[in-house]
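Survey of secondary and tertiary structure
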Amino acid sequence: YKVTRNSLLIGALVLGLGLVLMVGITTWLTAHVGALAQASRRMARGESMTLSPTGAGPSELRQLAQAFNQMTQALRERMQALEESERNQRALVDALE
């Protein structure tokens, strides 16, 4: 009887500890992914388009943040080039008129 009871207690303890650990890790990871999602929403609204990779968090999330920043920089450069091209075309049209 004591062995069964001790086995059940140990099993419940391990299960509870595993659950607490899982919740903690999940919360930690989703906080970092949430920052990326928030930056994506800002970019969609045309606001600030950078995400500061934090020193904390898995290296994969830092790499994802860096890739996001590179993508937004490329978009910013393309938008500026497009605006410049549009200004040049308008100046040309104005000169031709």
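Values in this document were obtained by computation on a predicted structure and should not be read as measured data. (Residues numbered from 1 in each chain as written. Predicted model: local features only at pLDDT ≥ 70, side-chain atom pairs only at ≥ 80, totals over all residues. Heavy atoms only, no water.)

**A short note on the overall build of the protein**
Of the regular secondary structure elements, the protein holds two helices and zero strands. For the protein, with 97 residues in total, the buried portion stands at 11%. Sequence-distant contacts, at least 24 apart, represent 45% of the contacts inside the protein between residues at least 6 apart. Total accessible area on the protein stands at roughly 7,800 Å², and carbon and sulfur atoms take up 65% of it. (Helix = DSSP H or I, 4+ residues; strand = E, 2+ residues; numbered from the N terminus. Buried < 20%, exposed > 50% of the residue type's maximum accessible area, 1.4 Å probe, protein only. Contact = heavy atoms within 4.5 Å. Areas by Shrake-Rupley, 256 points an atom, 1.4 Å probe, with all protein chains shown as cover.)

**Examining helix α1 (residues 2-44)**
For α1, with 43 residues, the first-to-last C-alpha span of 62 Å sits near the 63 Å given by 1.5 Å per residue. Those residues of α1 that sit buried are H32, L36 and A39. G46, located one to two residues past α1, shows a positive phi value of around 85°. (Expected span 1.5 Å × (residues − 1).)

**A closer look at a nonpolar patch on the surface**
On the surface, a cluster of nonpolar side chains totalling about 380 Å² of accessible area is made up of L21, I25, W28 and L29. With respect to the element layout, I25 can be found in helix α1. I25 gets classed as partly exposed once you look at its relative accessible area, which sits at 43%. (Patch = residues over 30% accessible without salt bridge, like charges linked within 9 Å, V, L, I, M, F, W, Y side chains within 5 Å. Salt bridge = Lys/Arg side-chain N within 4 Å of Asp/Glu carboxyl O.)

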